[in-house]
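Chain by chain, the residues:
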Amino acid sequence: MKNNIVQGVLLGAVAGILDVIPMVLQGLTWDANLGAFSLWVVTGFFLATSDLSLPSALKGVVIALLCLLPSAFLIGWNHPLTLIPVVVMTVILGALLGFSHERLSN
């Protein structure tokens, strides 16, 4: 179980790095970058410890979107359209994270 959690957190960190690279290139603030990175680390942890009976990619998307939900209110409160790229990236990376975690766990 411990190796599974470490694997989930490490894969989450990789997803976080992939998510933050375009944010750094856009010149976003470091609090936004750190928030996005930590979202993926937490998502990886929850993915590794979750017993949801869903296909791996869907499980990753569901957990990632649930982790994004509190931040989505802050991100989209004044400018709701800014949520579109955030949700798209969350769905893509969530599916990849879920799929990768299952493949490497077996």
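These numbers come from a predicted model, not from an experiment.

*Asks:* Explain the packing of aromatic side chains here, please?
*Replies:* Two measures describe an aromatic ring pair: the distance that separates the ring centres and the angle between the ring planes. The full count for this structure, using the stated rule, is 1 aromatic pair. A centroid spacing of 5.8 Å and a plane angle of 55° characterise the contact between Phe45 and Phe46, whose relative ring orientation is tilted.

*Asks:* I'm lost on the nonpolar core in this one. Help?
*Replies:* Note that soluble globular proteins tend to have their nonpolar side chains buried in a common cluster. Leu39, Trp40 and Leu97 are the most contacted members of the largest nonpolar core, which totals 13 residues. Contributions of two or more residues to this core are made by helix 1 (2–25), helix 2 (30–49), helix 3 (56–76) and helix 4 (83–105).

*Asks:* So what exactly am I meant to see when it comes to the side chain of Asn33 here?
*Replies:* Inspection of the secondary structure puts Asn33 in helix 2. On the basis of relative accessible area, Asn33 is assigned to the buried category, the value being 3%.

*Asks:* What is the right way to read helix 2 from this model?
*Replies:* The α-helix winds at 3.6 residues per turn, so residues separated by three or four positions along the chain end up facing the same way. In this model, helix 2 (20 residues) spans 29 Å end to end at C-alpha, consistent with the 28 Å of a helix rising 1.5 Å per residue. Along helix 2, the positions that sit buried rather than exposed are Asn33, Ala36, Leu39, Trp40, Thr43, Gly44, Leu47 and Ala48. Here the buried residues of helix 2 occupy an arc of 160° about the axis, which is enough to place them on one side. Summarising the geometry of helix 2, the exposed residues directed more than 90 degrees from the buried face are Trp30, Asp31 and Leu34. Residues of helix 2 that are buried in the fold lie against helix 1, helix 3 and helix 4.

*Asks:* I would appreciate a short explanation of a nonpolar patch on the surface in the present structure.
*Replies:* Together, Val14, Ile17, Leu18, Ile21 and Leu25 line one region of the surface with nonpolar side chains, adding up to about 500 Å² of accessible area. Its place among the elements puts Leu18 in helix 1.

*Asks:* Can you walk me through helix 3 in this structure?
*Replies:* Given a rise of 1.5 Å per residue, 21 residues ought to cover 30 Å, and the 28 Å separating the end C-alpha atoms of helix 3 matches this to within 8%. For helix 3, the elements touching its buried residues are helix 2 and helix 4.

*Asks:* Hey, could you run me through the packing of helix 1 against helix 4 in this one?
*Replies:* Angle between the axes and distance between the axes are the two parameters that describe a pair of packed helices. Interaxial distance between helix 1 and helix 4 falls to 10 Å at its minimum, and their mutual angle equals 150°. For the element pair helix 1 / helix 4, the angle class is roughly antiparallel. Here helix 1 and helix 4 pass one another in a crossing that is right-handed. For the pair helix 1 and helix 4, contact is made by Asn4, Gln7, Gly8, Leu11, Gly12, Ala15, Leu18, Asp19 and Pro22 and by Met89, Leu93, Leu97, Ser100, His101, Leu104 and Ser105, respectively.

The rules behind each value
- Sequence order as written defines the numbering, with residues in each chain counted from 1.
- Since the coordinates come from a predicted model, pLDDT governs what is reported: local features require at least 70, and pairs of side-chain atoms require 80 or more to be given and counted, while whole-chain, interface and lining totals use all residues.
- The side-chain numbers reported here are obtained from all heavy atoms of the structure, hydrogens and water having been left aside.
- Ring pairs are drawn from Phe, Tyr and Trp, using the six-membered ring of Trp, whenever the two centres fall within 6.5 Å, and their geometry is named by plane angle: stacked under 30 degrees, edge-to-face over 60, tilted for the rest.
- In these notes, a set of buried Ala, Val, Leu, Ile, Met, Phe, Trp, Tyr and Cys residues joined through side-chain atoms within 4.5 Å is what counts as a nonpolar core.
- Buried, partly exposed and exposed residues are distinguished by accessible area as a fraction of the type maximum, computed with a 1.4 Å probe on protein chains only: under 20%, between the cut-offs, and over 50%, respectively.
- Where helices and strands are cited, they refer to DSSP runs of H or I of at least four residues and of E of at least two residues respectively, numbered from the N terminus.
- What a helix is expected to span follows from its residue count: subtract one and scale by 1.5 Å.
- Throughout, the arc means that of the directions going from the helix axis to the C-beta atoms.
- The contact definition used throughout considers only heavy atoms, calling two residues in contact when any of these lie within 4.5 Å.
- What goes into a patch is any residue over 30% in relative accessible area without a salt bridge, connected to like charges within 9 Å or, for nonpolar side chains (Val, Leu, Ile, Met, Phe, Trp, Tyr), within 5 Å.
- Accessible surface area values rest on a Shrake-Rupley calculation with a 1.4 Å probe, where residue burial reflects the displayed protein chains alone.
- What counts as a salt bridge is simple: a side-chain nitrogen of Lys or Arg found within 4 Å of a carboxyl oxygen of Asp or Glu.
- Each axis is a line fitted through C-alpha atoms, taken for helices only over the stretch in contact, and angles between the N-to-C directions span 0 to 180 degrees.
- These descriptions rest on fixed angle ranges, namely under 35 degrees for roughly parallel, over 145 for roughly antiparallel, 65 to 115 for roughly perpendicular, and the rest for oblique.
- For any pair of crossing helices, the crossing counts as left-handed if the nearer helix is rotated counterclockwise from the farther one by less than a right angle, and right-handed if it is rotated clockwise.

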